[in-house]
Protein chains: 2
Amino acid sequence: MESLVSNIQIQVQDSLFVKDPQSSDLGKKIIKGSIELICELGFEQFTFKKLAVKISSTEASVYRYFESKNMVLLYLSNWYWSWLEYRIVFTITNLPSAEDQLLKAVHLLTEQVNEDGNFEHINEIKLHQIVVSESLKSYLSKDVDSKNEGGAFVPYKNLVERITQLILQINPQFKYPHMLISTVIEGAHLQRHFATHLPRLTDIIEGEDAVTEFYSQIVFKAIQ
Amino acid sequence: MESLVSNIQIQVQDSLFVKDPQSSDLGKKIIKGSIELICELGFEQFTFKKLAVKISSTEASVYRYFESKNMVLLYLSNWYWSWLEYRIVFTITNLPSAEDQLLKAVHLLTEQVNEDGNFEHINEIKLHQIVVSESLKSYLSKDVDSKNEGGAFVPYKNLVERITQLILQINPQFKYPHMLISTVIEGAHLQRHFATHLPRLTDIIEGEDAVTEFYSQIVFKAIQ
DNA sequence: TATTATTGATAGTTTTACTATCAATTTTGC
DNA sequence: GCAAAATTGATAGTAAAACTATCAATAATA
């Protein structure tokens, strides 16, 4: 997966930003700095003031790119979902059977990201950690409905829909494909979070990726 | 389930409050008001100032009971988990088989709460909604480790452990019981949240509790 | 009745989440 | 290469949140 994305760019809907952060140096520094700071401090402790100091800019300048830190989180999440969908499509396109495709997709949905370096201003490993620990907060906030109307969750829905179609190819009768996939995605994130912070809520097995193994089993048992 | 709890009280660990809110009228008003306000405004918009106005008290008085609004959320979550574990134990104790017990437990873990009235100061329906939409934020905050050391997640872990033991009774070889149960609990909450706000991420079926149905199937297929 | 605990009232601090203004600098169009 | 336009930085300011501190009034208790 190293060199395949060397000249593609992930586009994020323009309703999420005031000015496209991928269109300028400062914008890219805002993205890069946000990823590092949110990862380091957590979303609650992350502020535009701290970000501005980190990237040697000013609060006012950051506000010229993003309306609020919530929008930054949405931007980062959506970038991640688009990137993940791209990787899934790229990876499974030539696989022979729908089963193989689904298995591979579930792997990509649930595995730990440990590659970086395809995008200068985005550390994919840290971004994955942010999505694991912070992205749910966007859905769980009270303004989820207005954000949703503004299209804030489209990439996520697209991803879920794409895997849903794979499932329905295998078993057109299965009644809960969306539920299954969103359970797998969010469940895998939570389990990774629990593995680090609340191990008694999960089952960590030495030398094996229990999260991916578990959810792969769940998916195939569920749809049969 | 109506009258069985008429004179029991759910105890919450005293590390979560400064002064036990169940020990005074003001304390109970704080709990009652918090449940209503968090439900209405969402956790982010909920403040001690607004709460104080609502219950005709003062900010300073609220702080005499709780260190912060995060502690209130933890208190409410833990009250809920203890209450739920109590209901599960009470309900399944006399069921003949471990399978019946597990099935019933999964129902209680995943169903919508629609009874109220066992506790004067706690609206169980609204509390359930809070747990669905807000409780994850306690695990997902950066201070999860220090909270965990202080025992903030003990009731939740106990609940997961209890159902884990049920699963292991049925299949002692099953490798991922904790993962399965925490996936079911949090998954069910998320699906209920999605059903209201992001329906394209779930599968709502007219006249049927798809959430409970889905997770019951998942559990029994997974452990076989 | 004296003591203690509880609550209310008020005030104050620091930080966050913004908005506004203006000058300096860089980019772009011609 | 120069004028106009856009971008950024610097600074200042506001409103609300998240506390802490103090003191008086009231209620509980010994």
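Right above here is the structure, for reference.
Read on for an overview of the structure. Here the structure is a predicted model, which means the values were calculated and not measured. (Residues numbered from 1 in each chain as written. Chains lettered and ligands numbered in written order. Predicted model: local features only at pLDDT ≥ 70, side-chain atom pairs only at ≥ 80, totals over all residues. Heavy atoms only, no water.)

### Quick look at the relation of the copies chain A and chain B
Part 1: Each copy superposes on the other: chain A lies on chain B with an RMSD of 0.0 Å after a rotation of 180° and an axial shift of 0.0 Å. The transformation just described matches what one would write down for a two-fold rotation axis. In terms of C-alpha distance to the rotation axis, chain A has Lys221 of chain A as its closest residue, with the C-alpha 3.1 Å off the axis. (Least-squares fit on C-alpha atoms with pLDDT ≥ 70 in both.)

### Section: the protein's contact with DNA strand C
Part 1: Contacts to DNA strand C come from 19 residues, most closely from Glu59 and Tyr63 of chain A together with Ser57, Arg64 and Tyr65 of chain B.
Part 2: When atoms of DNA strand C within 4 Å of the protein are sorted by moiety, sugar and phosphate together comprise 54%.
Part 3: One of the side-chain nitrogen or oxygen atoms of Ser61 of chain B is found 3.1 Å away from a phosphate oxygen of DNA strand C.
Part 4: A distance of 2.8 Å is found between a base oxygen of DNA strand C and a side-chain nitrogen or oxygen belonging to Arg64 of chain B.
Part 5: When residues of the surface near DNA strand C are traced back to their parent elements, those giving at least two are α3 (59–63) of chain A together with α3 (59–63) of chain B.
Part 6: Looking at the surface near DNA strand C residue by residue, the class counts come to five nonpolar, seven polar and seven charged. (Near = heavy atom within 4 Å. Polar contact = N/O pair within 3.5 Å; in protein donor to acceptor, adjacent residues only side chain to side chain. Helix = DSSP H or I, 4+ residues; strand = E, 2+ residues; numbered from the N terminus. Nonpolar A, V, L, I, M, F, W, Y, C, P; charged D, E, K, R; others polar.)

### Side note on helix α5 (residues 98–110) of chain A
Residues and elements named next belong to chain A.
Part 1: For α5, with 13 residues, the first-to-last C-alpha span of 18 Å sits near the 18 Å given by 1.5 Å per residue.
Part 2: Listing the buried residues of α5 in full gives Ala98, Gln101, Leu102, Ala105, Val106, Leu108, Leu109 and Thr110.
Part 3: Looking at the buried positions of α5, the neighbouring elements they touch are α4 (69–92), α9 (154–170), α10 (177–197) and α11 (210–223). (Expected span 1.5 Å × (residues − 1). Buried < 20%, exposed > 50% of the residue type's maximum accessible area, 1.4 Å probe, protein only. Contact = heavy atoms within 4.5 Å.)

### Let's talk about the packing of helix α1 (residues 25–41) of chain A against α4 of chain A
All names here are of chain A.
Part 1: At a minimum axis distance of 11 Å, the contact between α1 and α4 shows a crossing angle of 95°. When the axes of α1 and α4 are compared, the pair comes out roughly perpendicular. Facing Ile31, Ser34, Ile35 and Ile38 of α1, the residues of α4 in contact are Val72, Tyr75 and Leu76.
Part 2: Across the contact of α1 with α4, the residue classes tally to six nonpolar, one polar and no charged. (Axes fitted to C-alpha atoms, helices over the stretch in contact; angles between N-to-C directions. Parallel < 35°, antiparallel > 145°, perpendicular 65-115°, else oblique.)

### Re the nonpolar core
Part 1: The biggest cluster of nonpolar side chains holds 152 residues, and the ones touching the most others in it are Phe66 and Leu180 of chain A together with Phe66 and Leu180 of chain B.
Part 2: Here Phe66 of chain A is in contact with Leu16, Phe17, Val18, Pro21, Ile30, Ile31, Phe48, Met71, Val72 and Tyr75 of chain A, once residues within four sequence places are set aside. (Core = buried A, V, L, I, M, F, W, Y, C linked by side-chain atoms within 4.5 Å.)

### Focus: the protein's contact with DNA strand D
Part 1: Near DNA strand D, the surroundings consist of 19 residues, among which Ser57, Arg64 and Tyr65 of chain A together with Glu59 and Tyr63 of chain B are the closest.
Part 2: Counted by atom, the contact set of DNA strand D within 4 Å of the protein is 57% sugar and phosphate.
Part 3: Taking Tyr65 of chain A, its side chain carries an N or O atom lying 2.7 Å from a phosphate oxygen of DNA strand D.
Part 4: Sorting the residues of the surface near DNA strand D by element identifies α3 of chain A together with α3 of chain B as the ones contributing at least two each.
Part 5: In terms of residue count, α3 of chain B provides more of the surface near DNA strand D than any other element does, three residues in total.

### Considerations on the packing of helix α9 (residues 154–170) of chain B against helix α10 (residues 177–197) of chain B
Residue and element names in this part refer to chain B.
Part 1: Across the interface, α9 lies against α10 with an axial gap of 9 Å and an inter-helix angle of 120°. Comparing the axis directions of α9 and α10 gives the class oblique. The handedness of the crossing between α9 and α10 comes out as right-handed. Across the interface between the two elements, Tyr156, Leu159, Val160, Glu161, Ile163, Thr164, Ile167 and Leu168 from α9 touch Pro177, His178, Leu180, Ile181, Ser182, Ile185 and Glu186 from α10. (Left-handed = near helix turned anticlockwise from the far one by under 90°.)

### Digging into the packing of aromatic side chains
Part 1: Within the structure shown, the criterion is met by 33 aromatic pairs over all chains.
Part 2: Their ring planes at 55° and their centres at 5.5 Å tell us that Tyr139 of chain A and Phe153 of chain A sit as a pair that is tilted. Pair noted here: Tyr139 of chain A is in helix α7 (residues 136–139) and Phe153 of chain A is in the loop between α8 (144–149) and α9, with a separation of 14 residues, a long-range link. Of the two residues, Tyr139 of chain A and Phe153 of chain A, neither departs from the other in class, the shared state being buried.
Part 3: A ring pair is formed by Phe17 of chain B and Tyr75 of chain B, whose centres lie 6.1 Å apart and whose planes are at 65°; its orientation type is edge-to-face. Highlighted residues: Phe17 of chain B in the segment before α1 (25–41) and Tyr75 of chain B in helix α4 (residues 69–92), separated in sequence by 58 residues. Take Phe17 of chain B and Tyr75 of chain B: they sit in the same class, and that class is buried.
Part 4: Sitting over the ring of Phe43 of chain A, Lys69 of chain A keeps its end group 4.8 Å from the ring centre. (Phe/Tyr/Trp six-rings, centres within 6.5 Å; stacked < 30°, edge-to-face > 60°. Lys NZ or Arg CZ within 6 Å of the ring centre and 35° of its normal.)

### Thoughts on the interface of chain A and chain B
Part 1: If you look at the interface, chain A gives 53 residues, while chain B gives 53 residues.
Part 2: Of the roughly 4700 Å² buried between chain A and chain B on both sides combined, carbon and sulfur atoms contribute 64%.
Part 3: Contact with chain B buries surface across chain A, with Leu140, Met179 and Arg200 of chain A losing the most and accounting together for 15% of the total.
Part 4: Where chain A packs against chain B, one counts two salt bridges.
Part 5: The shortest N-O distance in the salt bridge between Lys175 of chain A and Glu208 of chain B comes to 3.4 Å.
Part 6: Across the contact surface, chain A and chain B share 31 residue pairs in polar contact (both at pLDDT 80 or more).
Part 7: Of the residues forming the side of chain A that touches chain B, the biggest block, 12 residues, is contributed by α10 of chain A.
Part 8: A per-class count over the side of chain A that touches chain B returns 25 nonpolar, 14 polar and 14 charged. (Buried area = accessible area lost by both parts, 1.4 Å probe. Salt bridge = Lys/Arg side-chain N within 4 Å of Asp/Glu carboxyl O.)

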